[in-house]
Amino acid sequence: MLLKGERTFVVRDMGGFVAHINMPGWVKPKPGDHGHGPLAMVVESILHPGRFIAMHEHRNDEIISWVPEGVMRHEDRARGRLVCDSEHLMVMNAGCGFWHSEETLASDPPLRMLQILVRPDAVDLEPGIQYGVMPEIMPNRWRHLVGPEGGDAPFFVRNRIDFFDIRLEAGARVDFPHKQGCDLYFYVFSGAILAGGQAFGEGEQGLLLSDEILAAEATSACVMVAFLLDPRSPVTRQGTMADTRKIPPPVVIRLAKRWQGLKWLWLRK
């Protein structure tokens, strides 16, 4: 079953730093969790030139920083200064505690990126950071960037989840990544596709609750990401960002989704 999530209504504007927060679990008709298995949330972050986010701590979060547009300048107490852009990926395995800051210079282009929050399989693991050049991207081919620790991907997180990206030319058709026993979640960063008889545009998301093969056709040039995840994988819900207490409980979201449905029916009359 392919479920579609519209562009998120959870947007935080902090003055030059705008976060569009996507909750994979909220795509379901009756959410019981804001995340889906090890994937807690996908945050589309926009940082204006000359914006600085001061040093702060993460705990029990695995954070993938994927930057297709602009430059994100990172600093931490372990590796010092690092620059993430369209050629470099960073994964923070926060574990029992990891401090970092982020900024853009006034001379930098506007930054638009994804910060992906993964739940580790245990609390208070050893903290660390991974940073490096990504494999070259080829048009219309999935690029496998992150996978479970000890796997074949160039970067890892400490749970059973794989992360891919792709740049599709208009009219191109590809199958999504597939793995037996894993669900599929995808997010359209730019452009538009057709999948499972449904149209998905920029900022929209899909959740396939099965391991069947799903195809996508680009109706315009498209950049998107996809995740294969084991929904039965053990997870910890103690991440400072991934499971912060500020997230509304599932019962509130169920009521909000019901109200949206009733409102839509009313407008049709």
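### Digging into the sheet that holds strand β2 (residues 11-13)
If you trace the seven strands from one edge of the open sheet to the other, you get β2-β3-β4-β11-β6-β9-β12, paired in antiparallel fashion. In the strand order of this sheet, the two ends are held by β2 and β12 (128-133), each with one partner. Neighbour-to-neighbour, the strand axes of the sheet open up by a mean angle of 15 degrees, direction not taken into account. The sheet contact formed by strand β3 (residues 17-22) and strand β4 (residues 39-47) spans six bridges and is antiparallel. Within β4, the position partnered with N22 by the bridge is V42.

### Considering unusual backbone geometry
Not every positive phi belongs to a glycine, and D124 is a case in point at roughly 55 degrees. Tracing the backbone through its elements, the reader meets D124 in the loop between β11 (111-118) and β12. By relative accessible area, D124 is classed as partly exposed at 48%. The backbone of N140 sits at a positive phi, close to 65 degrees, despite the residue not being glycine. Looking at where N140 falls in the secondary structure, it is placed in the loop between β12 and β13 (143-148). Judged by its relative accessible area of 22%, N140 is partly exposed.

So, how was this worked out
Residues numbered from 1 in each chain as written. Predicted model: local features only at pLDDT ≥ 70, side-chain atom pairs only at ≥ 80, totals over all residues. Heavy atoms only, no water. Pairing = 2+ DSSP bridges. Helix = DSSP H or I, 4+ residues; strand = E, 2+ residues; numbered from the N terminus. Axes fitted to C-alpha atoms, helices over the stretch in contact; angles between N-to-C directions. Buried < 20%, exposed > 50% of the residue type's maximum accessible area, 1.4 Å probe, protein only.

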